[in-house]
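Here is what each chain is made of, one letter per residue.
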Amino acid sequence: MSQAKKIEVTDVILRDAHQSLIATRMRTEDMLPICDKLDQVGYWSLEVWGGATFDACVRFLKEDPWERLRQLRKALPNTRLQMLLRGQNLLGYRHYADDVVEAFVQKAAENGIDVFRVFDALNDLRNIETAMKAVKKAGKHAQGTICYTTSPVHTPALFVQQAKDMKAMGADSIAIKDMAGLLTPYATYELVKAIKAEVDLPLVVHSHSTSGLAPLCQLKAIEAGADRIDTAISSFASGTSHPATESQVAALQGTDYDTGLDLELLNEIADYFREVRKKYHQFESEFTREDVSVQINQVPGGMMSNLANQLKEQNALDRIRDVFAEIPRVREDLGYPPLVTPTSQIVGTQAVYNVLADQRYKTITNEVKRYLQGGYGRPPAEVNAELQKKAIGNESVHEGRPADRLSPELNKLREDIGRIAKCEEDVLTYAMFPDLGREFLQQRADGTLKPEELLPAEQGGKGRMSAGVATEFRIDVHGESYEVAVTGVGDSGAGKRKLYLSLDGMPEEVVFESLNEYVAEGGSGRKRASEPGHVTTAMPGNVVDVLVKEGDAVTAGQAVLVTEAMKMETEVHANVAGTVQAVHVAKGDRVTPGEILIEIA
Ligand code: MN
């Protein structure tokens, strides 16, 4: 029996597609020229905003994310604009008090968002309740989200119950969010069928093509009764991104499920973005191609390229398969959380530590501790009790909604940021990213905002530069000083390493015998750690806090520094007891492994 039903399409080109393929670096200037055409397509919605786009705007592009939203709103008058919201985490990496959640949703709605896809990484619905209510209050579309994952506890029945609970909360539609590309076609069919049988709401399937199965999954979802699919225009589709819009439209054309979208218009849009993509070649990664191993290791698309970049900085890219193998083990220890921000970072970073130290849980990140204390909500299954004990000792585990322990904080945020915030949106930017946000607002006030540099288009023979944080240092040659920024490590041969140096912004290819010493000594002026009393870091990152000063007595194992890597904070501990002889770092400093950060004797 056939049922005529037009399938609706959400295109994620302006958010998830470039997040999944080029580290979320697409600039507003490359979006606006095509908006007129995008607006004519007749998409159900365009996904344009989310945590990573907000972060990348402030951190790398030096664009005001709110201004981007207003510009897109203006340029897309006929299309619903959609955002991805991390429930009580909003677009940041911690739980916010309810008053901040309410203010954020209200402002996002005022600035142009029509559809809020709200999720919690643990599928703990207590963490999306406030946001869902706020969306309804603003008169906008609240989409309740199931973060799809597989584990002994994640059954279709569990997800059906979640969909029912979200409907009871006032959800206008339900999304199945398969961020890692874990769904298989027949599992999709079963899940969609089960939800549609019990919950009378539009259902949308968001799936990544990481394992190459997403187009098949969407077809089976449609046959099972799904109403809408998320796709990406073809020039930013496939691999860790999404099924190509044109392919899905073509697949359904002339059937009962016809989307009614115009393939020729979509083709023109694809041509446009094909050119745009070239501009961002430095952010392409080989780990965004299709890879079925995601069916084993569950690493979401966005996370793969982040892990690759992190390991590359550490000269340990060859360990990436070990990290992928460690991730499911850490995940099991933590009670099978779905891997999506922030749990993907929590699990991923801990896995990196476990692999690079060649010892599991030698270092436990602050976020893993917080997670094991119930700080993110209720894990889907029992956590590893031994690990929990090791991480939090005899401290109690919080069973309640994490935000219930937070007092209203909006007024304090307003006071803290003061007059460099010109409007409530600025206060919220600061709330999302305390350090970065303040720096952004200050630079904006000073007129010194400067986006990261893009490298010129690839020319014949030149290798691709990796995305990474530039290491800057000074070289003196024949009495003249040069400021040099190393922005990427290329192919390494036996005993040699190809680097791209940027002198006055012009990349030059050079070959060094050894990089480590040069960077450490030339970059920061810090010497190489060689004694037990030399405190160093296991990961490249930034210093968030220095916990000791010269002359302080410390015990072995005491936390002396807090660093941030991959958006996760970690304590760095003293290896020996003694007195602090020297502190070579300050808050905000960039640090790399092997450098002496603090000396204890
Ligand atoms: Mn996604």
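For clarity, every value in this text was computed on a predicted model and none was experimentally measured. (Residues numbered from 1 in each chain as written. Predicted model: local features only at pLDDT ≥ 70, side-chain atom pairs only at ≥ 80, totals over all residues. Heavy atoms only, no water.)

Participant: Any chance you could explain the nonpolar core here in plain terms?
Facilitator: Across soluble globular proteins, nonpolar side chains show a tendency to be buried alongside one another. Grouped together as the largest cluster of nonpolar side chains are 139 residues, with contacts concentrated most on Ile13, Trp49, Leu85, Phe104, Phe116, Phe273 and Ile327. In terms of residue count, helix α5 (residues 98-111) provides more of this core than any other element does, seven residues in total. Grouped together as the second largest cluster of nonpolar side chains are 14 residues, Val535, Val554, Val585 and Leu597 included. (Core = buried A, V, L, I, M, F, W, Y, C linked by side-chain atoms within 4.5 Å. Buried < 20%, exposed > 50% of the residue type's maximum accessible area, 1.4 Å probe, protein only. Helix = DSSP H or I, 4+ residues; strand = E, 2+ residues; numbered from the N terminus.)

Participant: What's the story with the sheet that holds strand β3 (residues 80-85) in this structure? I'm lost.
Facilitator: What links the strands of a sheet is backbone hydrogen bonding, and the strands pair in either a parallel or an antiparallel sense. Strand order in the closed barrel formed by eight strands is β1-β2-β3-β4-β5-β6-β7-β8, with parallel pairing between adjacent strands. Ignoring which end each strand starts from, the neighbouring axes of this sheet average 25° apart. Relative to β3, strand β2 (residues 45-49) runs parallel, the two sharing four bridges. Across the sheet, the residue bridging to Ser45 is Arg80, located in β3. Helix α7 (residues 156-168) contacts β5 (141-147) and β6 (173-178) of the sheet and is inclined by roughly 160° relative to β5. (Pairing = 2+ DSSP bridges. Axes fitted to C-alpha atoms, helices over the stretch in contact; angles between N-to-C directions. Contact = heavy atoms within 4.5 Å.)

Participant: What exactly am I supposed to notice about α5 here?
Facilitator: Structurally, the α-helix is built with 3.6 residues per turn, so residues lying three or four positions apart point the same way. Compared with the 20 Å implied by 1.5 Å per residue over 14 residues, the 20 Å span of α5 between its first and last C-alpha is a close match. If you check which residues of α5 are buried, you get Val100, Val101, Ala103, Phe104, Val105, Lys107, Ala108, Ala109 and Asn111. Following α5 by one or two positions, Gly112 has its phi on the positive side, about 140°. (Expected span 1.5 Å × (residues − 1).)

Participant: Just checking my understanding: could you explain helix α11 (residues 263-279) for this structure?
Facilitator: Between its first and last C-alpha atoms α11 spans 25 Å; for 17 residues at 1.5 Å apiece the expected length is 24 Å, and the two agree. All of the buried residues in α11 are Leu265, Leu266, Ile269, Ala270, Phe273 and Val276. Along the axis of α11, the buried residues cluster in a sector spanning 135°; they form a single face. The inward-facing, buried residues of α11 abut α1 (13-21), α2 (28-41) and α10 (245-252). The backbone nitrogen of Glu264 has a side-chain oxygen 2.9 Å away, supplied by the residue at the start of α11, namely Asp262. (Arc of directions from axis to C-beta. Polar contact = N/O pair within 3.5 Å; in protein donor to acceptor, adjacent residues only side chain to side chain.)

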